[in-house]
Amino acid sequence: MWFLTYILANVKGRITRSLLTVSGVAVAVAAVVSLVGIVRGFEASLLELYDRQGIDLMVSQSGRVQLTSSVLAESLADEIARLDGVAQAYPSLIDALSLDDGDMMGVVIQGWPVSSQPLRSLELTEGQPLSDSGPPAVLMGRRLAEAMGKSVGDSVELLDGEPFSVAGIFDSYNVFESGSMVTRLADLQQLLLRDGDITLVGVVAADRDPESVAKLRQRIEDLHPGIDANPVRELAESSTEIRMARAFAWLTSTIALLIGSIGMLNTMMMAVFERTREIAMLRALGWRRRRIIALVLGEASVLCAAGAAVGIVAAVVLVDTLSKMPEAGRLVAGDISTAVMLQGLSLALALGVLGGLYPAWAAARMAPVDGLRHD
Amino acid sequence: MTDPHAEADPRLEDAPLLEADSLRRRFADGQVMAVDDVSLQIRSGEYVALVGPSGCGKSTLLNLLGGLDRPTEGQIRFRNRPLDDWPDPARFRANELGFVFQSFHLVSVLNAEQNVQLPMFETPLRASERRDKARHLLDTVGMRHRARHRPGELSIGERQRVAIARALANDPALLLADEPTGNLDSVTAKEIFTLLDRLRVDGTTILLVTHDPNLARRAHRTLSMRDGRLVSPEG
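Remember, predicted model here, so these are calculated numbers, not experimental data. (Residues numbered from 1 in each chain as written. Chains lettered and ligands numbered in written order. Predicted model: local features only at pLDDT ≥ 70, side-chain atom pairs only at ≥ 80, totals over all residues.)

**Section: the overall build of chain A**
Along the backbone of chain A there are 14 helices and twelve strands. A compact globule built from 375 residues would reach a C-alpha radius of gyration of about 21 Å, whereas chain A, at 28 Å, exceeds it by more than 25%. Along the first, second and third principal axes, the C-alpha set of chain A runs to 90 × 45 × 30 Å. In chain A, which comprises 375 residues, the proportion classed as buried is 43%. Expressed as a percentage of contacts within chain A between residues at least 6 apart in sequence, the contacts between residues at least 24 apart total 81%. (Helix = DSSP H or I, 4+ residues; strand = E, 2+ residues; numbered from the N terminus. Rg over C-alpha atoms; globule rule 2.2 N^0.38 Å. Buried ≥ 20, exposed ≤ 12 C-beta atoms within 10 Å, placed from the backbone. Contact = placed C-beta atoms within 7 Å.)

Structure follows, in structure tokens:
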């Protein structure tokens, strides 16, 4: 018999309690893995989007808490484009709208010049690209179009019922992009009553090595006071939305873990109490304290590892299901990174050790002679 | 402090295996003297029965001698070495003693063979060696055919046989048995008598606490206790 055989026999021997404990841990781990996974996925999507567009620096207004509240003059994009070391500069207006049409909240809409690289690089699966002139039109991401039940030729009512026709639908594996819509910069400026305003300037550097990009960053920031030029990663990581989402994910996860930990503590205390005579007998047979501690912590770890496995599978299924739902699918990528799964497993094992530590200590310090008399 | 694993000094052949000097065990309230001025010696190969009425201190004395409890006063020496010299009483119990309890204390979720292996975790034996030794011990107590059965599937007598095999797992120098037939009917008790007789013949040193005069009669000598004191002459 291996030592692990004894541990597993104890877990199997009290199957109902073990299953309940595993369920508690699984819920905690599923909460951590799914919430953190969703936030990380969203963050990664945002980064990947800008990376794919080849943008090295994002220019925004200094001191704005939310990226979408940045206000810059459209002429800034031309000024930046004329600087040495700039290959391209794209003005962009971004906002999030609530649409009565389809009861959608927080739909991201981006306005770009029709000739800009990001707009031209969209992979249309249906319809036509936006033209320089004509009535207001949008290109819709596939996930958003599915969520709103729109197809090419339909119209979508934006603010105050302003109708925009759906000129095309683009596909993207990027959840952020696929859940948004794009229109001409001028149309969006008119819709938002922000003529001449933009939110960001995306800058592609001519020479993309970090040192050259850092120098270019300085040159851009020297153009006017009150503007920041940030590498995309920095911008995404400092984004209030992402930081709030991260904080919310960790707060919820911490609460779930605390509950799981208390559940584990309760289970292991019960296990030690119920097996007082068994533990005393083992001590009488010559088991050292550290082996008793290993027995109790081993059981806690097995329960937590099982809970982690169930929790990770549950999180994967949950996130996949959410990503396929019309409303949530705009924001939730369907996959969870291995790093987040490993994080969930590590947290579960830490939970096992934390929850099992006091019961293990209590078991180890039990005087065998007292334990053998226990009823 | 000497090495607990050191070989016994050949000059100690005639020395007592276990020796207790003026043992006292007073319980917390200080009013009850469960063991009062007990001195005794047990030599290798002896079979000693400790008898006396309920509550006279037999089990408390056995716990003291087995290192499960500490005396309030007095000293216990094993192979002429004070128990206090052992860095960990658990090591002493694992290396030198085997315990048989009245209520067996078998682990319900393990089968007979696995129960017998429990004390061996404190030895360097590998898993396969533990298994082989457990099977051999179950053979010794006539329980090999029930090796895969859990305690709940065994009769009371079979459980005690498994418990005795477990007590022998680490080849103890001294077997301490607390009322090993206390929970058994007379027929099953006889089986245990026979088993203990065989162990005695094989040279196992046994200290047995019992109420059973039939079992006590089989011992080389009998110690009687009353009110925490030995009332029969030691030796």
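Having seen the structure, we can now continue with the description.
**Regarding the pairing of strand β9 (residues 221-226) of chain B**
Residues and elements named next belong to chain B. Note: strand β3 (residues 47-51) against β9, four bridges, orientation parallel. Paired with Ala49 across the strands is Thr222, a residue of β9. In the sheet, β9 pairs with strand β10 (residues 229-230) via two bridges, with the strands oriented antiparallel. Bridge pairing in β10 places Met225 opposite Leu230. Following β9, the chain reverses through two residues before pairing antiparallel with β10; Asp227 in that reversal takes a positive phi of roughly 50°. (Pairing = 2+ DSSP bridges.)

**Quick notes on the packing of helix α5 (residues 156-167) of chain B against helix α6 (residues 186-201) of chain B**
Two quantities define a packed helix pair, namely the angle between the axes and the distance from one axis to the other. Residue and element names in this part refer to chain B. At their nearest, the axes of α5 and α6 sit 9 Å apart, and the two run at 20° to each other. Looking at the two axes, α5 sits roughly parallel to α6. Crossing hand, α5 versus α6: right-handed. Two secondary-structure elements touch here, α5 through Ile156, Gly157, Gln160, Arg161 and Ile164 and α6 through Thr188, Glu191, Ile192 and Leu195. Split into classes, the residues belonging to the contact of α5 with α6 amount to four nonpolar, three polar and two charged. (Axes fitted to C-alpha atoms, helices over the stretch in contact; angles between N-to-C directions. Parallel < 35°, antiparallel > 145°, perpendicular 65-115°, else oblique. Left-handed = near helix turned anticlockwise from the far one by under 90°. Nonpolar A, V, L, I, M, F, W, Y, C, P; charged D, E, K, R; others polar.)

**What about the interface of chain B and chain A?**
The interface of chain B with chain A comprises 23 residues on the first partner and 20 residues on the second. Elements represented by at least two residues in the side of chain B that touches chain A include exactly α2 (89-96), α3 (112-117) and α4 (127-140) of chain B. Per-element accounting of the side of chain B that touches chain A gives the leading share, four residues, to α2 of chain B. A class-by-class count of the residues in the side of chain B that touches chain A yields eleven nonpolar, five polar and seven charged.

**Quick notes on the sheet that holds strand β2 (residues 33-42) of chain B**
Residues and elements named next belong to chain B. The antiparallel open sheet is built from four strands, whose spatial order is β2-β1-β4-β5. Two strands in the sheet have a free side with no partner beyond their single neighbour: β2 and β5 (81-82). Bridging between strand β1 (residues 18-26) and strand β4 (residues 73-78) involves five bridges; their strand directions are antiparallel. When the bridges of β4 are listed, Ala20 appears paired with Ile76.

**Some thoughts on the sheet that holds β9 of chain B**
Ordered in space as β6-β7-β8-β3-β9-β10 (chain B), the six strands form an open sheet in which the pairing is mixed. Either end of the sheet is taken by a strand with one partner, and the two such strands are β6 (97-100) and β10 of chain B.

**Description of helix α1 (residues 58-65) of chain B**
Because each turn of an α-helix spans 3.6 residues, side chains separated by three or four positions end up pointing in the same direction. Burial of α1 of chain B is extensive: eight of the eight residues sit out of reach of the surface. Two residues or fewer past α1 of chain B, Gly67 of chain B is found with a positive phi of approximately 75°.

**Description of the environment of Val203 of chain A**
Residues and elements named next belong to chain A. Topologically, Val203 is positioned in strand β11 (residues 200-205). Distance in space between the C-alpha atoms of Val203 and Gly106 is 26 Å, their sequence separation being 97 residues. In this structure Val203 touches Ile55, Asp56, Leu57, Val59, Ile80, Val86, Ala89, Ile220 and Ala229, once residues within four positions along its chain are discounted.

**A word on the packing of helix α2 (residues 15-52) of chain A against helix α12 (residues 289-324) of chain A**
Residue and element names in this part refer to chain A. Two numbers describe how α2 lies on α12: the axes approach to 6 Å, and their chain directions differ by 45°. Classified by the angle between their axes, α2 and α12 sit oblique to one another. Between α2 and α12 lies a crossing whose hand is right-handed. In terms of residue class, the contact of α2 with α12 is made up of 19 nonpolar, six polar and no charged.

**Considering the pairing of strand β8 (residues 205-209) of chain B**
Remark: a regular strand shows side chains that alternate across the two faces of the sheet. Residues and elements named next belong to chain B. Of all the five residues making up β8, five are buried; the element is thus mostly covered by neighbouring parts of the structure. On β8, burial covers both faces: Thr205, Leu207 and Val209 on one face and Ile206 and Leu208 on the other are all buried. Bridge count for β3 against β8 is four bridges, and the pairing is parallel. Bridging from a neighbouring strand, Leu50 pairs with Val209 of β8. With five bridges joining them, strand β7 (residues 174-178) and β8 adopt parallel strand pairing. From the neighbouring strand, Leu174 faces β8, where its bridge partner is Thr205.

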